[in-house]
Amino acid sequence: MDVVSALNMSETDEGSPCSETAMDISLKELQFKLAEFARVRDWDQFHSPRNLLLALVGEVGELSEIFQWKGEVERGLPNWKTSEKEHLGEELSDVLLYLVRLADICGVDLGQAAMKKLIKNGAKYPVETCKISSYLYAQAQKLPL
């Protein structure tokens, strides 16, 4: 059973899967499903920040392996087989799931933190100085190239 199917299994619904067509899940909903998934399996004892971070790094390594010898790839991966895209989706999901769980265990509202970071990056990299090239940004910031 894959991770998405496993997460869709509701312990209170006697093992019946929830709707798998609802793909617009919020980070909060995902956080809740992950917490429940771990709780009913008594995995909270293993989900320390350090353990989750190390698991996340391992999953990022697995994600990296997919691209390791492919060189640059086109957006949308038009030359990839369906099975390769499915494998990519599984590894991306593993990274996301560990990231969301780590944020939850650390008491970080990931959605709010990401929005704050996006706003901060917008101020740090204003369109006027960044849009055309990294050279112009470096010049505006008086950074060595």
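The following paragraphs examine the structure supplied in this document. (Residues numbered from 1 in each chain as written. Predicted model: local features only at pLDDT ≥ 70, side-chain atom pairs only at ≥ 80, totals over all residues. Heavy atoms only, no water.)

### Let's talk about the side chain of Arg101
Moving on, step 1. Looking at the secondary structure, you find Arg101 in helix H4 (residues 82–105).
Moving on, step 2. Among the polar contacts listed, one links the side chain of Arg101 to the side chain of His47, at a separation of 2.9 Å.
Moving on, step 3. Not counting residues up to four positions away in its chain, the partners in contact with Arg101 are Leu34, Ala35, Ala38, Asp44, His47 and Leu52. (Helix = DSSP H or I, 4+ residues; strand = E, 2+ residues; numbered from the N terminus. Polar contact = N/O pair within 3.5 Å; in protein donor to acceptor, adjacent residues only side chain to side chain. Contact = heavy atoms within 4.5 Å.)

### Considering the nonpolar core
Moving on, step 1. Formed by Leu52, Leu56, Leu63, Ile66, Leu77, Trp80, Leu88, Val95 and Leu102, the largest nonpolar core amounts to nine residues.
Moving on, step 2. Those elements giving two or more residues to this core turn out to be helix H3 (49–67) and H4.
Moving on, step 3. Top element by residues in this core is H3. It accounts for four residues. (Core = buried A, V, L, I, M, F, W, Y, C linked by side-chain atoms within 4.5 Å. Buried < 20%, exposed > 50% of the residue type's maximum accessible area, 1.4 Å probe, protein only.)

### Let's talk about unusual backbone geometry
Moving on, step 1. Located in the positive-phi region is Asp42, a residue other than glycine, with phi close to 60 degrees.
Moving on, step 2. Within the element layout of this structure, Asp42 appears in the loop between helix H2 (27–40) and H3.
Moving on, step 3. For Leu77, which is not a glycine, the phi torsion comes out positive at approximately 50 degrees.
Moving on, step 4. By the secondary structure assignment, Leu77 is in the loop between H3 and H4.

### Focus on the packing of H3 against H4
Moving on, step 1. Axis separation between H3 and H4 bottoms out at 9 Å; the angle between their running directions is 160 degrees. It follows that H3 is roughly antiparallel to H4 by the angle criterion. When the axes of H3 and H4 are compared, the crossing they make is left-handed. In contact with Pro49, Leu52, Leu53, Ala55, Leu56, Glu59, Val60, Glu62, Leu63, Ile66 and Phe67 of H3, H4 contributes His87, Leu88, Glu91, Leu92, Asp94, Val95, Tyr98, Leu99, Arg101, Leu102 and Ile105. (Axes fitted to C-alpha atoms, helices over the stretch in contact; angles between N-to-C directions. Parallel < 35°, antiparallel > 145°, perpendicular 65-115°, else oblique. Left-handed = near helix turned anticlockwise from the far one by under 90°.)

### Brief notes about the pattern of salt bridges
Moving on, step 1. Tallying each qualifying case throughout the model produces five salt bridges.
Moving on, step 2. Taking the shortest distance from any N to any O, the salt bridge between Asp109 and Lys28 comes out at 3.4 Å. With Asp109 in the loop between H4 and helix H5 (110–124) and Lys28 in helix H2, this residue pair connects regions lying 81 residues apart in the sequence.
Moving on, step 3. When salt bridges with common partners are traced through the structure, they connect Asp44, Arg101 and Asp104 into a single cluster. (Salt bridge = Lys/Arg side-chain N within 4 Å of Asp/Glu carboxyl O.)

### A closer look at the environment of Gln45
Moving on, step 1. Within the secondary structure layout, Gln45 lies in the loop between H2 and H3.
Moving on, step 2. Residue classification places Gln45 among the exposed residues on the basis of a relative accessible area of 54%.
Moving on, step 3. There is a polar contact of 2.9 Å between the side chain of Gln45 and the backbone oxygen of Asp42.

### Points about the packing of aromatic side chains
Moving on, step 1. Taken as a whole, this structure holds two aromatic pairs when the rule is applied.
Moving on, step 2. Here Phe37 and Trp43 contribute two aromatic rings whose centre-to-centre distance is 5.6 Å and whose plane-to-plane angle is 75 degrees, an arrangement assigned as edge-to-face.
Moving on, step 3. Ring centres of Phe67 and Trp80 lie 5.3 Å apart, and the angle between their planes is 45 degrees; this geometry places the pair in the tilted category. Remark: Trp80 occurs in the loop between H3 and H4 and Phe67 occurs in helix H3; sequence separation between them is 13 residues. (Phe/Tyr/Trp six-rings, centres within 6.5 Å; stacked < 30°, edge-to-face > 60°.)

### Observations concerning the packing of H2 against H4
Moving on, step 1. Where H2 meets H4, the axes come as close as 9 Å, and the angle between the chain directions of the two elements is 85 degrees. As summarised for this structure, H2 and H4 are arranged roughly perpendicular, according to the angle between their axes. Along the contact surface, H2 presents Leu27, Leu30, Gln31, Leu34, Ala35 and Ala38, while H4 presents Leu96, Leu97, Val100, Arg101 and Asp104.
Moving on, step 2. Here the residues of the contact of H2 with H4 sort into eight nonpolar, one polar and two charged. (Nonpolar A, V, L, I, M, F, W, Y, C, P; charged D, E, K, R; others polar.)

The quantities given are spatial measurements derived from coordinates; they are silent on function.
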